[in-house]
Amino acid sequence: MELGFFTMPLHPPGSDFAQTVEDDIEQLVKLDELGYKEAWIGEHFTAEWENIPAPDLIIAAALPITRQIKFGTGVSCMPNHNPFLIAHRIAQLDQMAKGRFYWGVGSGGFPGDFTVFGFDPKTGDHRTMSREALELVLEIWSDPKPGHYKNEFWDFVIPEPEDDIGLGIHMRPYQLPHPPIGVAGVSRSSDTLVLAGERGYIPMSINIVPSRVLKSHWESVEEGAASASVSADRSLWRVARDVYVADSTEQARDEVLNGTLARDFHGYFQTLLSKSRLLDLTKVDPEMPDSAVTAEYMMDNVWIVGDPDEVAGQIRDLHEELGGFGTLLAMGHEWQPKEQWTHSMTLLAEEVMPRLTDLN
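Structural notes, computed from the coordinates. Predicted, not measured: the structure shown is a model, and the values here were computed from it.

**A look at a nonpolar patch on the surface**
On the surface, a nonpolar cluster with roughly 260 Å² of combined accessible area is contributed by Phe45, Val116 and Phe117. You can see Phe45 is positioned in the loop between β2 (38–41) and α2 (55–62). Judged by relative accessible area, which is 40%, Phe45 ranks as partly exposed.

Rendered as structure tokens:
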């Protein structure tokens with residue numbers, strides 16, 4: 001099992017944007033030094049808590065100051081983008097990364113972004129657009145045919161090539177035929193994870209759900225793989241989790257409940273999930289009341305918190321309960337004081353993961 005990172009990121013409204021970007025990149029550099037295998041960066045336009053609208057720019061800034069860590073968009077929300085433009089931006093980024101890049105794609109899920117780009121999630125048009133746009137990007141990368149591309153979602157022209165002056169579509173990814181593609185799943189029976197199974201893409205499970213929902217995610221992957229008559233590969237599966245490690249379990253729980261993780265849950269996730277009617281996703285028992293979903297509940301049932309032995313045991317239990325997965329993605333937070341976050345991420349890499357080398 002490998003160790004990676006997923007950052008949305010998470011910063012309270014009113015934060016200094018320039019400072020948060022600097023801090024987020026500093027985290028990526030530290031993770032590279034610690035040997036984390038990958039880091040995925042989220043994309044949101046109207047979420048002040050999740051304040052990065054252009055993860056590709058963060059990745060471009062981090063590439064030259066890191067050595068081995070791979071980066072991924074987590075994810076490029078396809079309804080936010082013209083497929084012609086995103087094909088070029090992602091291909092250029094892959095060239096700059098020279099293989100240290102995953103392309104995460106999705107249909108989006110943030111209400112404000114849907115409003116900006118004119119999508120009503122109740123219609124499912126954002127999912128249709130995402131599938132069609134992904135197919136078109138792959139076509140642009142492999143065999144771009146000149147012509148007028150117009151439908152209800154986009155309108156652009158691919159010109160006829162003029163070889164004598166090099167006019168035409170020329171940008172291809174560094175990794176051929178394309179960088180590894182990841183897709184994120186949130187709800188039970190996720191259609192995006194069905195797509196992952198069909199295509200052999202990287203399935204990624206969100207951090208806020210208990211194992212009962214995670215099991216349904218893998219069922220979706222297997223459903224997609226079966227429809228394509230292929231085998232689903234558990235080593236591709238990324239499972240995101242809020243993880244916090246300290247020298248003692250008592251210290252870890254205290255620093256979580258009185259620190260950034262609980263702040264982010266109560267200040268953001270709890271309200272967002274309630275408004276979006278998605279709070280049930282966090283529940284081990286769908287019948288439990290919303291009022292029971294607190295930071296204490298999350299720490300006891302979803303988050304992974306404790307000393308190195310406790311955290312290793314919880315990860316092992318999750319791995320066995322799910323039947324195995326390939327990479328644990330530790331969630332990013334704006335941790336203050338910074339020394340606590342650094343210590344936690346160091347313990348996770350250097351004390352916890354060596355206890356789990358037998359997992360596969």
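**Quick look at helix α1 (residues 17–34)**
Between its first and last C-alpha, α1 extends 26 Å over 18 residues, near the 26 Å set by a 1.5 Å rise per residue. For α1, every residue scored as buried is listed here: Thr20, Val21, Asp24, Ile25, Gln27, Leu28, Val29, Leu31, Asp32 and Leu34. Packed against the buried residues of α1 are β1 (2–7), β2, α2, β3 (70–73) and α12 (338–352). A distance of 3.0 Å separates the backbone nitrogen of Ala18 from a side-chain oxygen at the start of α1, and that oxygen is part of Asp16. Residue Gly35 follows α1 closely and has a positive phi angle near 90 degrees.

**Notes on the packing of α2 against helix α3 (residues 83–97)**
Put simply, α2 and α3 touch, their axes get as near as 10 Å, and they point 15 degrees apart. If you check the angle between α2 and α3, you find them roughly parallel. The chirality of how α2 crosses α3 is left-handed. Residues Asp56, Leu57, Ile59 and Ala60 of α2 lie in contact with α3, whose contacting residues are Arg89, Leu93 and Met96. Looking at side-chain class alone, the contact of α2 with α3 contains 5 nonpolar, no polar and 2 charged residues.

**Focus on α12**
For α12, spanning 15 residues, the distance from its first C-alpha to its last is 20 Å, which sits close to the expected 21 Å at 1.5 Å a residue. Looking at α12, one finds that the buried residues are Trp341, Ser344, Met345, Thr346, Leu347, Leu348, Ala349 and Val352. Buried residues in α12 make contact with β1, α1, β11 (243–245), α11 (308–322) and β13 (327–331).

**Remarks on the pairing of strand β9 (residues 202–205)**
Here β9 shows a buried face lined by Ile202 and Met204 and a second buried face lined by Pro203 and Ser205. Examined bridge by bridge, strand β8 (residues 181–185) and β9 share 4 bridges and lie parallel to one another. Across the sheet, residue Gly182 finds its bridge partner in β9, namely Ile202. Between the parallel elements β8 and β9, the chain passes through helix α6 (residues 191–199) in a crossover that is right-handed. Crossover β9 to strand β10 (residues 238–241) through helix α7 (residues 211–227) is right-handed.

**Focus on the packing of aromatic side chains**
Evaluated as defined, the whole model comprises 13 aromatic pairs. A ring pair is formed by Trp237 and Phe325, whose centres lie 6.3 Å apart and whose planes are at 75 degrees; its orientation type is edge-to-face. Taken together, the positions of Trp237 in the loop between α7 and β10 and Phe325 in the loop between α11 and β13 put the pair 88 residues apart, joining distant regions of the chain. Judged on exposure class, the residue Trp237 and its partner Phe325 are both buried. Linked through ring pairs, Trp49, Tyr268 and Phe269 together constitute an aromatic cluster. Directly above the aromatic system of Tyr102 lies the positively charged group of Arg238, at a separation of 5.4 Å from the ring centroid.

**Here we look at the environment of Ile315**
When you line up the elements, Ile315 lands in helix α11. Under the relative-accessibility criterion, Ile315 is labelled buried at 0%. For the pair formed by Ile315 and Leu356, sequence separation is 41 residues and the distance between their alpha carbons is 8.4 Å. In this structure, Ile315 is in contact with Met1, Ile304, Leu328, Leu348, Val352 and Leu356, ignoring residues within four places of it in sequence.

Definitions and limits used
Residues numbered from 1 in each chain as written. Predicted model: local features only at pLDDT ≥ 70, side-chain atom pairs only at ≥ 80, totals over all residues. Heavy atoms only, no water. Patch = residues over 30% accessible without salt bridge, like charges linked within 9 Å, V, L, I, M, F, W, Y side chains within 5 Å. Areas by Shrake-Rupley, 256 points an atom, 1.4 Å probe, with all protein chains shown as cover. Salt bridge = Lys/Arg side-chain N within 4 Å of Asp/Glu carboxyl O. Helix = DSSP H or I, 4+ residues; strand = E, 2+ residues; numbered from the N terminus. Buried < 20%, exposed > 50% of the residue type's maximum accessible area, 1.4 Å probe, protein only. Expected span 1.5 Å × (residues − 1). Contact = heavy atoms within 4.5 Å. Polar contact = N/O pair within 3.5 Å; in protein donor to acceptor, adjacent residues only side chain to side chain. Axes fitted to C-alpha atoms, helices over the stretch in contact; angles between N-to-C directions. Parallel < 35°, antiparallel > 145°, perpendicular 65-115°, else oblique. Left-handed = near helix turned anticlockwise from the far one by under 90°. Nonpolar A, V, L, I, M, F, W, Y, C, P; charged D, E, K, R; others polar. Pairing = 2+ DSSP bridges. Right-handed = clockwise from strand over helix to strand, strands pointing away. Phe/Tyr/Trp six-rings, centres within 6.5 Å; stacked < 30°, edge-to-face > 60°. Lys NZ or Arg CZ within 6 Å of the ring centre and 35° of its normal.

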